[in-house]
Every structure is written in C-alpha cells, then in structure tokens.
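# Per-entry structural report
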Amino acid sequence: MIKLKSKREIDLMHKAGQLLANCHKEIAKRIKPGVTTFEINSFVDKYLSEHGATPEQKGYKGYEYATCASINDEICHGFPRHTPLKNGDIVTIDMVVNLNGALADSAWSYAVGEVSDEAAKLLQVTEESLNRAIEKAVIGNRLGDIGHVIQSYVEGEGFSVVRDFTGHGIGETIHESPTILHYGEPNKGLRIKEGMVFTIEPMVNIGSWESKMDDNGWTARTIDGKLSAQYEHTIAITKEGPIILTKQ
Ligand code: MF3
Ligand code: CO
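Here's a quick rundown of the structure.

Definitions and limits used
- Residues numbered from 1 in each chain as written.
- Chains lettered and ligands numbered in written order.
- Predicted model: local features only at pLDDT ≥ 70, side-chain atom pairs only at ≥ 80, totals over all residues.
- Heavy atoms only, no water.
- Helix = DSSP H or I, 4+ residues; strand = E, 2+ residues; numbered from the N terminus.
- Rg over C-alpha atoms; globule rule 2.2 N^0.38 Å.
- Buried < 20%, exposed > 50% of the residue type's maximum accessible area, 1.4 Å probe, protein only.
- Contact = heavy atoms within 4.5 Å.
- Areas by Shrake-Rupley, 256 points an atom, 1.4 Å probe, with all protein chains shown as cover.
- Pairing = 2+ DSSP bridges.
- Axes fitted to C-alpha atoms, helices over the stretch in contact; angles between N-to-C directions.
- Parallel < 35°, antiparallel > 145°, perpendicular 65-115°, else oblique.
- Left-handed = near helix turned anticlockwise from the far one by under 90°.
- Nonpolar A, V, L, I, M, F, W, Y, C, P; charged D, E, K, R; others polar.

## Overview of the overall build of the chain
Scanning the chain for helices and strands turns up four helices and 15 strands. Relative to a compact globule of 248 residues, whose C-alpha radius of gyration would be 18 Å, the chain shows 17 Å and is just as compact. Here the chain holds 248 residues, and 53% of them are scored as buried. At a minimum sequence separation of 6, the contacts of the chain that also span at least 24 residues come to 70%. Per element, the accessible surface of the chain, about 10,700 Å² overall, is 50% carbon and sulfur.

## Quick word on the sheet that holds strand 11 (residues 211-213)
The strand order across the open sheet built from three strands is 3-12-11, with neighbouring strands paired in antiparallel fashion. Of all the strands in the sheet, the pair left with one neighbour each is strand 3 (74-76) and strand 11. The sheet shows a mean angle of 40° between the axes of neighbouring strands, direction not considered. Pairing analysis gives two bridges linking strand 3 to strand 12 (residues 220-222), with the strands arranged antiparallel.

## Some thoughts on the packing of helix 3 (residues 117-135) against helix 4 (residues 143-156)
It is at 9 Å that the axes of helix 3 and helix 4 come closest, and there the two elements cross at 150°. Between helix 3 and helix 4, the angle falls in the class roughly antiparallel. By crossing handedness, the relation of helix 3 to helix 4 is classed as right-handed. Within the contact between the two elements, helix 3 uses Gln 124, Val 125, Glu 128, Ser 129, Arg 132 and Ala 133 and helix 4 uses Ile 146, Val 149, Ile 150, Tyr 153 and Val 154. Residues belonging to the contact of helix 3 with helix 4 are distributed by class as follows: seven nonpolar, two polar and two charged.

Function cannot be inferred from these measures alone, as they are strictly geometric.
Okay, structure coming up:
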C-alpha cells in the first residue's frame, strides 16, 4: 500500500531533508586523503544530535552506524571504518535523517583528492542520471519512465545500472512502497500520483551491473572489482512538480 503524504507531512520531511543536505555540504568539506569514514560517521552523529535529529539507520535491522560509507567497488551499505581514504578513491556517504519523526534519505558520492578521468566521468554521469530521473517524476508519468531514463542514459555513456538495490517510498519508516527500479521501460509500471514521497538512488558501475555480498551480510560490491557510484535524493510529488526534499 502506498501512503500518500499531506502537505504538512511533506513540509516536515522537507525540514529533515534540508538538515541532511546541509550535513552533506559539511561532509564535502571534510572528505580528503587521510580522513577515515569512521571520522566522517562520528561527525554525522554529532552534527545530527546538535541539530535535534537522529540517524535513522543506526539500529535499523541491526545496522550499527549513522551512515553507510561505500568506497570504490563497494556499491552500498559499506561500514564506516578506520582505514584512511586515499587520493583517487571515490566514496559514497548514505544516511537517513529523522527530525521530529519525519525522515529523509540521501546518498552522495565524493571524489577523494584527484580522481581518474574515468572515475570523474562515473560521478558526473551518475549524478546526471538522477537529475534526469527527477524530471520524469511528475503526476501522470509512470515509474517505468524513471527507470528507463536512468538506464538509457547510463548505458549510452558506457556504464551499467545496478539491479539488486532500488529506490523506495519513505515516510514513517525508511522503506515503504513503491519500489523504484533504476531500469525499465517507458510507459510501464505504476502511475505517479500527487503526495507520493520516494527516493531515486541510482547506483552506477563502470563494468558489470552485477553485485556480490560481503561476509558481513550488508556490504554489496561489484562482481568485477570496478568502481561504483551513487547519488540519491528524496522527492515529493506535487501538482507543481517534484520537490527535491534533500536538495543541497
Ligand atoms: N539509504 C539506505 C537505503 O535506502 C538505507 C539503508 S538502511 C541501512 O538503502 F541500515 F543499511 F543503513
Ligand atoms: Co534510500
């Protein structure tokens, strides 16, 4: 069942999203060679508590951290760790903020120092695929329109789209209906309605789209060891078009 949100609920989620966006802007200043994702995670914990919010991921299905921090070939749900980031790495920080019971979810990939041209292109194409998808998130379109624009653009640039993880509705809990596929066919799938709030979060790989799971049961990485990037926004569907609740 899809729970459509009122203007009031969307406003509250927007406040959570703005806090999350500001937190990402602070992270951007802190990502550099030598910094650890554990330090970034501690910063997020502190930042959220100073702003009256809590990290919704901590304790979610036994997950132990405020953030997911996925480095290089890690697709998603990497654990923050004490190994310093190196020049040339890419790292995705993903988090869900709870502000007064309202949630927002946004992941962002960052370049560490100077990255290769290929890595830079991966970041740029992945972010652009999210922007193109958001433009399709209008009343009357179908979810397949979103998936299709991501897949056709990404594959046209020579990269691939991860299939094993999806976007999702979000509200009182992190994962609600509907499921948002980042691939698909135009004019297929559910019709997009006013009051829907969901994430779009394409994970894009340089090589194969296939993933494998680490022994920790959480972290997915590319099957071929090549790089993966991800950008995610939480968006609300309104008569005036999509509102990016986590816009930076
Ligand atoms: N933003 C993440 C997602 O939608 C949240 C995962 S929950 C966690 O996949 F516990 F893994 F962090
Ligand atoms: Co998400």
